[in-house]
Amino acid sequence: QAQLVESGGGLVQAGGPLRLSCAASGRTFSNYAMGWFRQAPGKAREFVAAISWTGASTLYADSVKGRFTISRDNAKNTLSLQVNGLKPEDTAVYYCAAASSYMSPTPNPREYDYWGQGTQVTVSS
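Here is a short report on the structure shown in this document. (Residues numbered from 1 in each chain as written. Predicted model: local features only at pLDDT ≥ 70, side-chain atom pairs only at ≥ 80, totals over all residues. Heavy atoms only, no water.)

1. Observations regarding the sheet that holds strand β7 (residues 68-73)
Piece 1. The strand order β1-β3-β8-β7 describes an open sheet built from 4 strands, whose pairing is antiparallel. The open sheet terminates on both sides in strands that have one partner only, identified here as β1 (3-7) and β7. The mean inter-strand angle of the sheet, taken between neighbouring strand axes irrespective of direction, is 15°.
Piece 2. The pairing of strand β3 (residues 18-25) with strand β8 (residues 78-83) spans 6 bridges and is antiparallel. In the strand pairing of β8, Cys 22 is matched with Leu 79. (Pairing = 2+ DSSP bridges. Helix = DSSP H or I, 4+ residues; strand = E, 2+ residues; numbered from the N terminus. Axes fitted to C-alpha atoms, helices over the stretch in contact; angles between N-to-C directions.)

2. Some points on the state of the cysteines
Piece 1. All told, the structure shown has 1 disulfide when counted by the stated rule.
Piece 2. Across a sulfur-sulfur distance of 2.0 Å, Cys 22 and Cys 96 are joined as a disulfide pair. On the criterion of sequence distance, the pair formed by Cys 22 in strand β3 and Cys 96 in strand β9 (residues 92-99) is long-range, its members being 74 residues apart. You'll find Cys 22 and Cys 96 in the same group, each marked buried. (Disulfide = S-S within 2.5 Å. Buried < 20%, exposed > 50% of the residue type's maximum accessible area, 1.4 Å probe, protein only.)

Here it is as structure tokens:
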């Protein structure tokens, strides 16, 4: 059974770094575009970053551009999100996802058909 499992979340101070990881199992995701989304309490799930199947192309939400870096290691079937300069408004549950019908990065959550359970990131001011 295909599964995505996030890790690396936690409580951090504003300005600090964090590295989120997503381990894929049950099938290979190396041919799929993958992405990170987040959902804050009382808000809709929003796009954060996405990466093409080769890792050569990336896409970021304007709110995280320049602070977040998405990467993948297809040999290890893992996806990562390096987060720097955290802000309190970055507090949310972060989800990784895979889009089996897409090779290029896409910001549309409806185009992703595999989702992890999420990891909580809380940024204190």
